[in-house]
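Here are the chains, one letter per residue:
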Amino acid sequence: MSDDSHNRKPLRMPDDNQVFATVTEMLGGRRVTLRCADGVERMGRIPGRMRFRTWVKEGDIVIAEPWDWQDEKAEVVWRYESDDAQQLREEGHIQ
């Protein structure tokens with residue numbers, strides 16, 4: 001067992017209607033382009049509640065919730081810190 005397993009912290013995981021996504025482009029106006037883990041590229045919206053507390057930038061790993069009525073769009077619901085994203089990669093949850 002490696003020493004890293006002691007540093008592992010429980011991370012928020014996507015619900016059934018959510019997916020991991022990578023922010024590929026900042027579009028302005030609280031909008032981003034997302035490359036989702038299900039292979040779909042979507043326009044993501046950063047909700048007002050995240051706007052000032054959580055700074056989202058290109059390359060960030062987020063949880064996105066695709067819209068029921070418009071699958072090509074999604075709501076960004078969570079952003080991972082870089083070390084949390086690294087843990088997700090090491091555990092095989094994301095590429």
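For the structure itself, look to the data block above.
Residues numbered from 1 in each chain as written. Predicted model: local features only at pLDDT ≥ 70, side-chain atom pairs only at ≥ 80, totals over all residues. Heavy atoms only, no water.

On a plain count of helices and strands, the protein chain comes out with three helices and five strands. The order of helices and strands in the protein chain, counted from the N terminus, is α-β-β-β-α-β-β-α. By the compact-globule yardstick of 12 Å for 95 residues, the protein chain fits well, its C-alpha radius of gyration being 14 Å. If one aligns the C-alpha atoms of the protein chain with their principal axes, the spans along those axes are about 45 × 25 × 20 Å. Looking at the protein chain alone, contacts between residues at least 24 apart form 52% of all its contacts between residues at least 6 apart. Carbon and sulfur atoms provide 46% of the accessible area of the protein chain, an area that totals close to 6,200 Å². Positive and negative charge centroids in the protein chain, built from 15 and 19 side chains respectively, lie 7 Å apart. (Helix = DSSP H or I, 4+ residues; strand = E, 2+ residues; numbered from the N terminus. Rg over C-alpha atoms; globule rule 2.2 N^0.38 Å. Contact = heavy atoms within 4.5 Å. Areas by Shrake-Rupley, 256 points an atom, 1.4 Å probe, with all protein chains shown as cover. Lys, Arg positive; Asp, Glu negative; His and termini not counted. Charge placed at Lys NZ, Arg CZ, Asp CG, Glu CD.)

Moving on: helix 3 (residues 82–90). Of all the positions in helix 3, only D84, A85, Q87 and L88 are classed as buried. In an axial view of helix 3, the angular spread of the buried residues amounts to 155°, which keeps them on one side of the axis. Residues of helix 3 that are exposed and point more than 90 degrees away from the buried face comprise S82, D83 and E90. Immediately downstream of helix 3, the backbone of G92 shows phi near 85°, a positive value. (Buried < 20%, exposed > 50% of the residue type's maximum accessible area, 1.4 Å probe, protein only. Arc of directions from axis to C-beta.)

This part covers the packing of aromatic side chains. Under the criterion given, the structure shown has two aromatic pairs. With centroids separated by 6.0 Å and ring planes inclined at 45°, the aromatic side chains of F20 and Y80 adopt a geometry described as tilted. Taken together, the positions of F20 in strand 1 (residues 19–28) and Y80 in the loop between strand 5 (73–79) and helix 3 put the pair 60 residues apart, joining distant regions of the chain. Each member of the pair F20 and Y80 is classed as buried. When the centroid spacing of 5.1 Å and the interplanar angle of 25° are considered together, the rings of W67 and W69 count as stacked. Overall, the relative accessible area of 65% leaves W69 in the exposed class. (Phe/Tyr/Trp six-rings, centres within 6.5 Å; stacked < 30°, edge-to-face > 60°.)

On to the nonpolar core. Core analysis: the largest hydrophobic core is formed by 13 residues, its most contacted members being L34 and V76. Those elements giving two or more residues to this core turn out to be strand 1, strand 2 (31–36), strand 4 (61–66) and strand 5. With residues up to four places along the chain from it excluded, the contact list for L34 reads A21, T22, V23, T24, V40, E41, R42, G44, V62, A64, A74 and V76. Ranked by size, the runner-up nonpolar core spans nine residues in total, among them L11, I61, I63 and I94. (Core = buried A, V, L, I, M, F, W, Y, C linked by side-chain atoms within 4.5 Å.)

This paragraph deals with the side chain of T33. Mapped onto the elements of the fold, T33 is located in strand 2. On the basis of relative accessibility, which here comes to 9%, the residue T33 falls in the buried class. Excluding its chain neighbours within four sequence positions, the residues that come into contact with T33 are T22, V23, T24, E25, L27, E41 and R42.

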